[in-house]
Amino acid sequence: MIRFSNVTKVYGKDTVALERLNLEIDAGEFVFLVGASGSGKSTMVRLILKEMEPSAGAIFVNGTRLSSVPRRRIPRLRRDIGCVFQDFKLLPNKTAAENVAYAMEVTGQRRRVIQTKVPQILDLVGLSGKMDKFPEMLSGGEQQRVSIARAFVSQPPILVADEPTGNLDPNTSVGIMQLLHRINRTGTTVVVATHDREMVDVMRKRVVALEEGRIVRDKVKGAYADEV
Amino acid sequence: MRFNLGFFLSEAFKNIRLNLLMSITAVTTTFICILVFGVGLLVSSHVEGIIGSVREDVSVEVFMPGRGEEEVMALEEKANGWEEVASVDRISEEQALAAFKDTFREQPELYENLDRGVLPPSLQIQLTDPDMADEVAGKLKAEGFTEENLSYPQQTIQRLNSVTSYMIWGLYAATVLFLIASVLLISNAIRLSIFARRKEIEVMKLVGASDSFVRTPFVLEGLIQGLLGAGLAALTVVWLNFLFVDWSQEALTFVPISGTSVSTASVLLVLVVVGVAIGVGGSFLSVTRFLRKI
Ligand SMILES: Nc1ncnc2c1ncn2[C@@H]1O[C@H](COP(=O)(O)OP(=O)(O)OP(=O)(O)O)[C@@H](O)[C@H]1O
Ligand SMILES: [Mg+2]
């Protein structure tokens, strides 16, 4: 589903963020990317979204080589990848429901479809009572659930999350992780970059550990740190 | 993909409402720019109108002191046959005196002792083309008249032509320069409002919006703002024109200013089209340039 093949990313002249990295993620997998600050997790997420190009190597998403996707095709690519960020990235002038609806409007969905689908998905993330609230009137956990609803509303085959619990307290984080887990069970491939040691340890999913742009550990039912 | 005009329009109106201050700035900038542009157009058209009527007025007058009625009529007939001549008016001694009295009716002492015959009969020859005054004067001289018998403003016309063509070109150049400045000002206002929303645009792109999907509400916004600013400016320009024509007909009776030298409909059309084009083009280019960078 996602494949990194010998990927190197150098920022500026000599900041090496990723070095000859190889990684294969299959359809339906749930994968944690862990590692110290600056180890290259966000860089991998941004490469998957084609926010930038690798300095060397190739990235394949859904069988497509990203370097062969022209600029005007990027929107289509992104509709196949739901994305969730630490800072939620909600549109401030739109309500929870409008934020979710926007992700459907961009794909040209019919109004009727949008009007039935949006309440359903907000119900799923437990926000049916706050559909008409603006982001600034929602707590961090609620905002993150809106952004997950938005990422998932079109049921994309892939969902990537960069520190989705980074700004949230432990209890709220559990709720978010459960949500991501449920999404994964519908068959969506989920990639989560995180610092959240507890969460990783509880979930017992595949863990890919990065250190200075290299994969130092890749374990199927792993934990945040090496187990003794 | 379906083009959802309802969605884009409601987005555009929402953006205008949420960024009211920016919108007012853009509308005001458009209003001022189009207003000045419109006033420039007004001044140019009136100056052109005045010049046109002054030039149309050009005639050659030939005074025929001591000539009898038949001679005058013979020359009138002859002049009527020249191709440069549009029409000929014959002014008898009596008519000349009457006209003189009328002109100086406030100072009757001037014509009290005036004898018949002091004011000679004359022909007023209207030309088809004011530049032909020299030719006609030449022909009249061939008929035995001297420079003193003739009155034709050839030199005046030439001077008028060169001065006014400089003036008109200057006005046009100033108007065009101002239009360019307006485009820069307005597109800068639009660019600022887009820059203020750059985070939103980035998010839109991240959730899979195409460039045109992001751009369309901005372009509609530019269209609405351009329409509003330019529409108000155009109406103001037309209103100013009415005021000016009204006032000039009382205060500047000697200047041939005419209400018909400016066509209200075309002024409205030109100004609104220019304003809308700047609004639409400006927002299109600004958003496109911004989208390229992310
Ligand atoms: N836009 C950028 N320009 C220059 N250097 C960058 C840029 N983004 C990241 N880097 C550098 O690349 C390296 C990897 O950064 P990255 O953001 O991928 O780390 P991360 O694992 O996500 O860290 P964190 O856990 O703190 O989010 C770091 O050394 C960082 O300083
Ligand atoms: Mg990061």
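Below, the structure is looked at part by part. (Residues numbered from 1 in each chain as written. Chains lettered and ligands numbered in written order. Predicted model: local features only at pLDDT ≥ 70, side-chain atom pairs only at ≥ 80, totals over all residues. Heavy atoms only, no water.)

## A look at the interface of chain B and chain A
Opposite the 21 residues of chain B that make contact, chain A presents 23 residues. In total, about 2,100 Å² of surface goes out of reach between chain B and chain A, with carbon and sulfur atoms giving 56% of it. Seen at the junction of chain B and chain A, the total is three salt bridges. As a salt-bridge pair, Glu11(B) and Lys94(A) come within 2.6 Å of each other at their nearest N and O atoms. The interface formed by chain B and chain A holds six residue pairs in polar contact (both at pLDDT 80 or more) in total. Among the secondary structure elements, those contributing two or more residues to the side of chain B that touches chain A are helix H1 (5-18), helix H7 (198-206), helix H8 (211-251) and helix H9 (264-293) of chain B. Here the element with the most residues in the side of chain B that touches chain A is H7(B); it accounts for five residues. Of the residues that constitute the side of chain B that touches chain A, the class distribution is eleven nonpolar, three polar and seven charged. (Contact = heavy atoms within 4.5 Å. Buried area = accessible area lost by both parts, 1.4 Å probe. Salt bridge = Lys/Arg side-chain N within 4 Å of Asp/Glu carboxyl O. Polar contact = N/O pair within 3.5 Å; in protein donor to acceptor, adjacent residues only side chain to side chain. Helix = DSSP H or I, 4+ residues; strand = E, 2+ residues; numbered from the N terminus. Nonpolar A, V, L, I, M, F, W, Y, C, P; charged D, E, K, R; others polar.)

## Concerning the environment of Arg145(A)
Residues and elements named next belong to chain A. Residue placement: Arg145 occurs in helix H5 (residues 140-152). The class for Arg145 is partly exposed, based on a relative accessible area of 23%. For the pair formed by Arg145 and Ile59, sequence separation is 86 residues and the distance between their alpha carbons is 29 Å. Beyond its immediate stretch of four places on either side in the chain, Arg145 contacts Val125, Gly126, Leu127, Ile176 and Leu179. (Buried < 20%, exposed > 50% of the residue type's maximum accessible area, 1.4 Å probe, protein only.)

## Observations regarding the nonpolar core
In this structure, Phe32(A), Val100(A), Val118(A), Leu122(A), Leu159(A), Leu180(A) and Val192(A) are the most contacted members of the largest nonpolar core, which totals 41 residues. Considering every element that reaches this core, the biggest residue donor is helix H3 (residues 96-105) of chain A, with six residues. Excluding residues within four positions of it along the chain, Leu122(A) makes contact with Ala96(A), Ala97(A), Val100(A), Leu127(A), Ser128(A), Met131(A) and Ala149(A). Of all hydrophobic cores here, the second largest spans 37 residues; its members include Ile34(B), Val214(B), Ala234(B) and Val267(B). (Core = buried A, V, L, I, M, F, W, Y, C linked by side-chain atoms within 4.5 Å.)

## Some remarks on the sheet that holds strand S2 (residues 15-25) of chain A
Residues and elements named next belong to chain A. In space, the four strands of this open sheet follow the order S2-S1-S4-S5, with antiparallel pairing throughout. Where the open sheet ends on each side, the last strands, each with one partner, are S2 and strand S5 (64-65). One ladder, built from two bridges, connects strand S4 (residues 56-61) with S5; its direction is antiparallel. Across the sheet, Phe60 pairs through a bridge with Arg65, a residue of S5. This element, helix H1 (residues 41-48), spans strand S1 (2-11), S2 and S4 of the sheet and lies at about 115 degrees to S1. (Pairing = 2+ DSSP bridges. Axes fitted to C-alpha atoms, helices over the stretch in contact; angles between N-to-C directions.)

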